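Next come the chains, spelled out residue by residue.
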Amino acid sequence: MDHEQAVRQMTDIVARFTDYAGKHLPDDIMGKLTELRAAEGSPLARVVYDSMFDNLAMAAQLNRPCCQDTGVIQYYLKAGSRFPLLAEVRHILTEAAATATRTAPLRHNAVQIFEEKNTGTNTGERIPWIDWDIVPDSSGIEIEVYMAGGGCSLPGQGKTLMPAAGYEGIVAFVFEVMTTYGVNACPPLLVGIGIGGSIDVAANLSKRALFRPIGSRHPHPRGAAMELLLEKGLNEIGLGPQGLSGTNSVMGVHIETAARHPSTISVAISVGCWAHRRGTLRINDDLSYEILSHKGAQL
Amino acid sequence: MKKILTTPISDEALEGLSAGDIVYLDGYLVTCRDMPHRRLVDQGRPLPVDLRGLAIFHAGPIVARDGDDWRMVSIGPTTSMRMEVHEQEFIRQTGVKLIIGKGGMGPNTEAGCRDYKALHAVFPGGCAVLAASRVEEIERVEWLELGMPEAMWVCRVRGFGPLIISIDTRGNNLFEKNKRIFNARKVPAIEDISRQVRFIT
Ligand code: SF4
């Protein structure tokens, strides 16, 4: 296969995967929603969960995006330093996003800043958003595709605290955001929390936290404990599906961290809505690929 | 037994319904979000659809051409709170009886629902394919120059729901009530966790 052919082939794979990820939720989210649905007893919460599952089944059957807001397209990468198409990746992902927008079809969600015009292609300045992690000595690439909807992007916030506020300040901030903005972001929510020394670091980590499989834990025992405490505490508030009240509030709480400056603690929150359209695709150097997030998926 | 509201909806049909009840809609549902609200209330332009006794949906649908007709592909609710500033006056002028959207609305809409006998209800967010499947026919479209999401799509629906009543004709507000409960539960939860995360010593 020559270089040009390879670029075309990878574009095609990523485009079809992006199309697919707008129509099917990943396995871990489906599992968690099934569990949360079973825990609800009130007729209100039940009727909402029934609607969600009916909707997902119909979306799959009719091959349509499961929520009308297919979001801004973001790709988070773990790219092998020896992946042969490394230099073409931005071009490939941009083409793939535009193609999926036509084939799925996805809603047009890229408005150029200052011009205030929708490009109509889901591509624009720095969009699709691409986040890079380079993996030394690997020759493959792992692509996380995410559709950031408007409703679930709205709660996204950050704050830089002084150390005197402590981790207690982080807890108060998380609860504040969840009870004000979280209610309208289509709960049950996946809560991503980033903690670091400055706001940019915390914000990036809070989004990355949303890509961890549900139920995975922070490597530090205190981090893992804090995730579980927040999960339990937020569930006790009982936002329920769509904020209509119920047994639970969240699908999970994930914390990602970076060492901080001694004088600051920055915290940021990103949330994923129940229609958490995230997909993980691994492509090898020979362009064979594997879908890690949706078992048995056919592109 | 499913409770069904059929358009034209009378004041009497709404009387026995309370915030938290679940209903379904048969009849006419017209999409109506930011722009038609602004045109009617701020600019005084008459609406091209008579909404008396009908239902509106805060939603921007995806619609496909089907020969000479239109077909509903996907239609999900958008955040109702954006229409809060206009809704009381909108209800007064149009005589609309059922307002469907996502999330709660505020004191303006409460007053509108109470004074002119109307309901606000939520359709589960993110369930756009399910909602589209309940649209039997798009009868016509008005103000298409506003673009697909903002145009007024006049739809005939059957069994459209579940619709969870968030504001009833007495002005009771389900989301406001929930908000007070959530805030009360928040305080002990924060205290309890804070005691266990004093990692800076
Ligand atoms: S918050 Fe999520 S499920 Fe709800 S409307 Fe937005 S994208 Fe769809």
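Basis of the calculations
- Residues numbered from 1 in each chain as written.
- Chains lettered and ligands numbered in written order.
- Predicted model: local features only at pLDDT ≥ 70, side-chain atom pairs only at ≥ 80, totals over all residues.
- Heavy atoms only, no water.
- Near = heavy atom within 4 Å.
- Nonpolar A, V, L, I, M, F, W, Y, C, P; charged D, E, K, R; others polar.
- Domains from an automatic or database assignment.
- Contact = heavy atoms within 4.5 Å.
- Buried area = accessible area lost by both parts, 1.4 Å probe.
- Salt bridge = Lys/Arg side-chain N within 4 Å of Asp/Glu carboxyl O.
- 1 Å grid on protein atoms, 1.4 Å probe; cavity = no way out; pocket = protein on both sides within 12 Å on 5 of 7 lines; lining within 4 Å.
- Points joined across faces, edges and corners; volume = space filled by probe spheres on them.
- Helix = DSSP H or I, 4+ residues; strand = E, 2+ residues; numbered from the N terminus.
- Core = buried A, V, L, I, M, F, W, Y, C linked by side-chain atoms within 4.5 Å.
- Buried < 20%, exposed > 50% of the residue type's maximum accessible area, 1.4 Å probe, protein only.
- Pairing = 2+ DSSP bridges.
- Axes fitted to C-alpha atoms, helices over the stretch in contact; angles between N-to-C directions.
- Parallel < 35°, antiparallel > 145°, perpendicular 65-115°, else oblique.
- Left-handed = near helix turned anticlockwise from the far one by under 90°.

Before going further, it helps to spend a moment on the site of the ligand. Close contacts around the ligand come from 13 residues, with Cys67, Cys186, Cys273 and Arg277 of chain A together with Lys102 of chain B the closest. More than one chain approaches the ligand, the contributing ones being chains A and B. Residue composition of the shell around the ligand, grouped by class: 7 nonpolar, 3 polar and 3 charged.

It is worth spelling out the domain arrangement of chain A at this point. All names here are of chain A. Splitting chain A by domain gives domain 1 (3-23 + 66-149 + 277-291) and domain 2 (153-272). Between the C-alpha centres of domain 1 and domain 2 there is a distance of 26 Å. Contact residues are listed per partner, giving 10 residues for domain 1 and 10 residues for domain 2. Summing the contributions of domain 1 and of domain 2, the shared interface buries around 810 Å²; its carbon and sulfur component is 45%. The interface formed by domain 1 and domain 2 holds 2 salt bridges in total. We note a salt bridge from aspartate 131 to arginine 208, for which the minimum N-O separation is 2.9 Å.

Gaps left between atoms are located by rolling a probe of water-molecule size over the structure's atoms. Residues and elements named next belong to chain A. For the second largest pocket, the calculated volume is near 360 Å³. Considering the residues around the second largest pocket, the lining is formed by 17 residues, among which Lys78, Glu142, Glu144, Arg208 and Phe211 are closest to the centre. Taken together, the elements giving at least two residues each to the lining of the second largest pocket come down to strand E1 (72-80), strand E4 (129-135), strand E5 (141-148) and strand E10 (278-283). Here the residues of the lining of the second largest pocket are counted per class, giving 6 nonpolar, 2 polar and 9 charged. When we break the lining of the second largest pocket down by domain, the ones giving at least three residues each are domain 1 (3-23 + 66-149 + 277-291) and domain 2 (153-272).

Our focus in this paragraph is the interface of chain B and chain A. Across the contact, 42 residues belong to chain B and 46 residues belong to chain A. Regarding the contact of chain B and chain A, the summed buried area is about 3,700 Å², with carbon and sulfur atoms giving 69% of it. Looking only at chain B, the three residues that lose the most surface to chain A are Val129, Phe182 and Phe199 of chain B, adding up to 18% of its buried area. At the boundary of chain B with chain A, the tally comes to 2 salt bridges. One salt bridge in this structure joins lysine 186 of chain B and glutamate 176 of chain A, with 3.1 Å as the shortest N-O distance. Those elements that place two or more of their residues in the side of chain B that touches chain A are strand E2 (22-31), strand E5 (69-74), helix H5 (128-133), strand E9 (152-167) and helix H6 (174-196) of chain B. No other element matches the 12 residues that H6 of chain B contributes to the side of chain B that touches chain A. Among the residues making up the side of chain B that touches chain A, the classes are represented as 24 nonpolar, 13 polar and 5 charged.

Counting 99 residues, the largest nonpolar core has Leu230 of chain A together with Leu25, Leu98 and Phe160 of chain B as its most contacted members. A per-element tally of this core places helix H3 (residues 43-62) of chain A first, with 9 residues. Both domains that meet at this core, namely domain 1 (3-23 + 66-149 + 277-291) and domain 2 (153-272) of chain A, each give it at least three residues. In contact with leucine 25 of chain B, other than residues within four places in its own chain, are Leu5, Thr7, Ile9, Ala55, Leu98, Ile100, Val157, Arg158, Gly159, Phe160 and Leu163 of chain B. Listed in part, the 33 residues of the second largest apolar core include Val14, Ile73, Ala100 and Ala104 of chain A.

Residues and elements named next belong to chain A. Sheet architecture is open: 5 strands sit in the order E4-E1-E5-E10-E11, paired in mixed fashion. Strands at the two margins of the open sheet, each flanked by one partner only, are E4 and strand E11 (289-291). Each strand of the sheet is rotated relative to its neighbour by a mean of 15°, with strand direction disregarded. Taken together, the 6 bridges between E5 and E10 define a ladder with antiparallel strand orientation. If you follow glutamate 142 over to E10, its bridge partner there is arginine 282.

Moving on to the pattern of salt bridges. All told, the structure shown has 37 salt bridges over all chains when counted by the stated rule. The salt bridge partner of aspartate 19 of chain A is lysine 23 of chain A, with a shortest N-O separation of 2.7 Å. Overlapping salt bridges, with partners in common, bring together Asp26, Glu136, Glu137, Glu139, Arg156 and Arg158 of chain B in one network.

This part takes up the packing of helix H8 (residues 221-237) of chain A against H6 of chain B. When two helices pack together, their arrangement is captured by the angle between the axes and the distance separating the axes. Contact geometry of H8 of chain A with H6 of chain B gives a least axis separation of 8 Å together with a crossing angle of 165°. The orientation of H8 of chain A relative to H6 of chain B falls into the category roughly antiparallel. At the point where H8 of chain A passes H6 of chain B, the crossing takes the right-handed sense. Note on element contacts: H6 of chain B touches H8 of chain A through Phe182, Arg185, Lys186, Ala189, Ile193 and Gln196 of chain B, opposite Leu229, Leu230, Gly233, Glu236 and Ile237 of chain A. In terms of residue class, the contact of H8 of chain A with H6 of chain B is built from 6 nonpolar, 2 polar and 3 charged.

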